[in-house]
Amino acid sequence: MKPTLTFLWLLITTLVYHVLRSIFLTTFYWPLIINTLFISTLLTISLINYWLVPGGFAWRNYKQSTKLIGPMGWPILGTLPQMGSSAHTKLASLATSFKAKRLMALSLGATPVVISSHPETAREILFGSSFSDRPIKDSAGLLMFERAIGFAPSGTYWRKLRRIAAFNMFSPRRILGLESLRQRVADEMMLKVFKDMEEKGVVEVRGILQEGSLSNILESVFGSISNYNCLSLGGSEELGNMVKEGYELIAKFNLEDYFDFKFLDFYGVKRKCHKLAAKVTSVVGQIVEERKRSKELVIGDNDFLSTLLSLPKEERLGDSDMVAILWEMIFRGTDTVAILLEWTMARMVLHQDIQMKARQEIDICVGQNSHVRDSDIPNLPYLQAIVKEVLRLHPPGPLLSWARLAVHDVHVDKTLVPAGTTAMVNMWAISHDSSIWEDPLTFNPERFLKEDVSVMGSDLRLAPFGAGRRVCPGRALGLATVHLWLAQLLHNFVWLPAQVPVDLSESLKLSLEMKNPLKCSVVLRKSMTM
Ligand code: HEM
């Protein structure tokens, strides 16, 4: 409510008060009643005035200094009630209805938030040095991610981690060196698809992709599982369960993240995080110890842990920091790839013509009987266009997973964004915007054959891996895996709908998942040898 309106309200209430007072002054009880009414009206108005500011309650102290617009939301809670499993679509509709695609203010409890649903302001946020930190949720801190790349403040330590990971985990040489691992895991997945179809008459791809993705990342991080007593004795399954538990804990709504109630633990999330972090430290710590003891394995090995252990003294990480970054790699590298591939296979089942065209491209490029290799991928533009179109329609991180934090006062779109504001980019809204994309709801990979759009973070119309200094460092590895495995899945099988139709409903947890896991049937292609 504007100050002039408040003033008018006060004036009218005071007048009404005095008129009523003079009429009823003769009676004993009336002044008491009127005084009570007067005070409660004043209180209500001032409370309403406190809450009714554009963007809601958390923006109460900035209403004079910033011209931001946005929903007032609920008293105290702000827009929190809208932040469930379809937050990305609800925020997109709000931005449209408030005509605030460029920048919208909202309140998540007491936390002031701005959200961009436009490529230009998204660029300002993601590339701006004022936004190179992330607001940290309690759960992420307790699960050690503050000591890993994702949540470390953007200082010397974070730069060191990114540099180490860039050379030893994500460099083109390292990605290429891991091709034989990707091929082996792909072969194992093909066998599981075949067996599922033979034994159950239906293929549930989610479990197969998650298992494949986990063993792929575990081996690229730790090397061969059989080298470790603790991993080969059920330890890798335990790590998989820990990743799942960590996902659930981080995605869980936690009231304390949005208010200054750090000492409380309403939902027991902190207690569970402590327990899980202790388990991770013990399991991953044991792996590191085993590896240190068997020194001969370190030299010449290609996995991330061995490169970390052979870093020069001045670069070397302490044991607990090493555990944190190893855990982060497994955590980030498992589900993102599996989720993207499940969406892709759902689209392949739904669009048989597109699936056929992709398979033809693969057959022409590699022949019907030979194996697809990494080196074939640059010659499969249609396959790459399919992955881009899936990233556009079903970005695994529709709100770019993890937000950014304004470390000092900064202007975005010439509007003041105060220090301490959480900044988000609604990539889902941008990639579904009809003023940016022709026919945005249609699955049409051909659009990327007509126009080559990079998904790596330079074009903010489609930046599913984020952009700027905190862009996803695993994007090339993630894409190399998805391209190769998709090519193998299409080359080896024809994918058909099962009895249950494909359901494209979404559920936003830490990533944007298919609400109902994909079920389909497959036909083995004659050329394949199992
Ligand atoms: C399909 C696969 C993937 C998608 C869609 C994805 C998406 C993202 C997004 C949106 C961000 C936030 C970027 C930003 O704030 O601008 C991010 C950050 C990150 N991702 Fe990925 N990612 C994928 C695969 C991977 C893989 C395979 C790894 C590692 C093995 C990984 C490790 C990370 C890390 C460590 C960060 C934090 C970077 C920082 O804060 O400096 N990601 N990812």
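Reading the values: the criteria
Residues numbered from 1 in each chain as written. Predicted model: local features only at pLDDT ≥ 70, side-chain atom pairs only at ≥ 80, totals over all residues. Helix = DSSP H or I, 4+ residues; strand = E, 2+ residues; numbered from the N terminus. Expected span 1.5 Å × (residues − 1). Buried ≥ 20, exposed ≤ 12 C-beta atoms within 10 Å, placed from the backbone. Near = placed C-beta within 6 Å. Nonpolar A, V, L, I, M, F, W, Y, C, P; charged D, E, K, R; others polar. UniProt positions renumbered as here; feature names shortened; annotations may be inferred. Contact = placed C-beta atoms within 7 Å. Pairing = 2+ DSSP bridges. Axes fitted to C-alpha atoms, helices over the stretch in contact; angles between N-to-C directions. Parallel < 35°, antiparallel > 145°, perpendicular 65-115°, else oblique. Core = buried A, V, L, I, M, F, W, Y, C linked by C-beta atoms within 7 Å.

(A) Representation of helix H12 (residues 269–293) within the structure. Between the first and last C-alpha of H12 there are 36 Å, a value that for 25 residues agrees with the 36 Å anticipated at 1.5 Å per step. For H12, every residue scored as buried is listed here: Val269, Lys270, Cys273, Leu276, Ala277, Val280, Val284, Ile287 and Arg291.

(B) Structural context of the site of the ligand. Residues in contact with the ligand amount to 29 residues; listed here are only the nearest, Gly333, Gly466, Cys472, Gly474 and Gly478. Those elements giving two or more residues to the shell around the ligand turn out to be helix H14 (319–350) and helix H19 (475–492). If one sorts the elements of the shell around the ligand by residue count, H14 sits on top with seven residues. For the shell around the ligand, a count of residues per class yields 15 nonpolar, nine polar and five charged.

(C) Inspection of H14 at higher detail. For H14, built from 32 residues, the straight-helix expectation of 46 Å at 1.5 Å per residue is met to within 8% by its first-to-last C-alpha distance of 48 Å. Of all 32 residues making up H14, 27 are buried, and the element is well covered by its neighbours.

(D) Quick peek at the UniProt feature "binding site: heme" (unreviewed entry) in the protein. In this numbering, the UniProt entry assigns the feature "binding site: heme" (unreviewed entry) to Cys472. Looking at where Cys472 falls in the secondary structure, it is placed in the loop between helix H18 (447–450) and H19. Discounting chain neighbours no more than four positions away, the residues touching Cys472 are Phe465 and Gly466.

(E) How the structure looks around the sheet that holds strand S4 (residues 404–405). Spatial ordering of the open sheet is given by S1-S2-S7-S4, a layout of four strands whose pairing is mixed. One side of each edge strand has no neighbouring strand; the edge strands of this open sheet are strand S1 (104–108) and S4. Across two bridges, the pairing between S4 and strand S7 (residues 422–425) is antiparallel. From the neighbouring strand, Leu405 faces S7, where its bridge partner is Thr422. Packing against the sheet, helix H4 (residues 119–127) makes contact with strand S2 (111–116), S4 and S7, and its axis sits at approximately 130° to S7.

(F) Representation of the packing of helix H11 (residues 235–251) against H14 in the model. With their axes 10 Å apart at the nearest point, H11 and H14 run at an angle of 85° to one another. In terms of their interaxial angle, H11 and H14 are classed as roughly perpendicular. Packed against H11, whose contacting residues are Leu239, Val243, Gly246 and Tyr247, the element H14 presents Ile330, Phe331, Thr334 and Asp335 at the interface. Per-class residue counts for the contact of H11 with H14 are five nonpolar, two polar and one charged.

(G) Representation of the packing of H12 against H14. The geometry of H12 relative to H14 is characterised by a closest axis approach of 10 Å and an angle of 105° between their N-to-C directions. Compared by their axis directions, H12 and H14 come out roughly perpendicular. Contacts from Val280, Thr281, Val284, Gly285 and Val288 in H12 reach Asp319, Met322, Val323, Leu326 and Trp327 in H14. Taken together, the residues of the contact of H12 with H14 break down into seven nonpolar, two polar and one charged.

(H) View of the nonpolar core. Among the nonpolar cores identified, the biggest contains 90 residues, and Met104, Val114, Leu341, Met345 and Leu486 are the most heavily contacted of them. A total of 10 residues in this core trace back to one element, the largest contributor, which is H14. Excluding residues within four positions of it along the chain, Met345 makes contact with Val205, Leu489, Trp495 and Leu518. Formed by 43 residues, the second largest nonpolar core is a distinct cluster that contains Val221, Tyr228, Ile330 and Leu510.

(I) Main features of the environment of Val221. Tracing the chain through its elements places Val221 in helix H9 (residues 205–222). Note: C-alpha distance between Val221 and Leu305 (84 residues apart in sequence) is 5.8 Å. With residues near it in sequence (within four places) discarded, Val221 still touches Asp303, Phe304, Leu305, Leu326, Met329 and Ile330.

(J) View of the pairing of S1. Within S1, five of the five residues are buried, which leaves it mostly tucked inside the rest of the structure. A two-sided burial pattern is seen for S1, the buried positions comprising Met104, Leu106 and Leu108 on one face and Ala105 and Ser107 on the other. Note that S1 and S2 share five bridges and pair antiparallel. From the neighbouring strand, Met104 faces S2, where its bridge partner is Ile115. Between S1 and S2, which pair antiparallel one after the other, the connecting turn spans two residues, and Gly109 there sits at a positive phi close to 60°.

(K) The environment of Arg182, seen in detail. By secondary structure assignment, the location of Arg182 is in helix H8 (residues 179–200). Take Arg182: there are 23 C-beta atoms within 10 Å of it, and that puts it in the buried class. Non-local contacts of Arg182, meaning those with residues more than four positions away in its chain, are made with Asn216, Thr481 and Leu484.

(L) View of the sheet that holds strand S3 (residues 203–204). Across the sheet, which stays open at both edges, the three strands sit in the order S3-S11-S8 with antiparallel pairing between neighbours. Strand pairing shows two members of the sheet lacking a second neighbour, S3 and strand S8 (493–497), which therefore form its edges. Bridge count for S8 against strand S11 (residues 519–524) is five bridges, and the pairing is antiparallel. Directly across from Val494, in S11, lies its bridge partner Val523.

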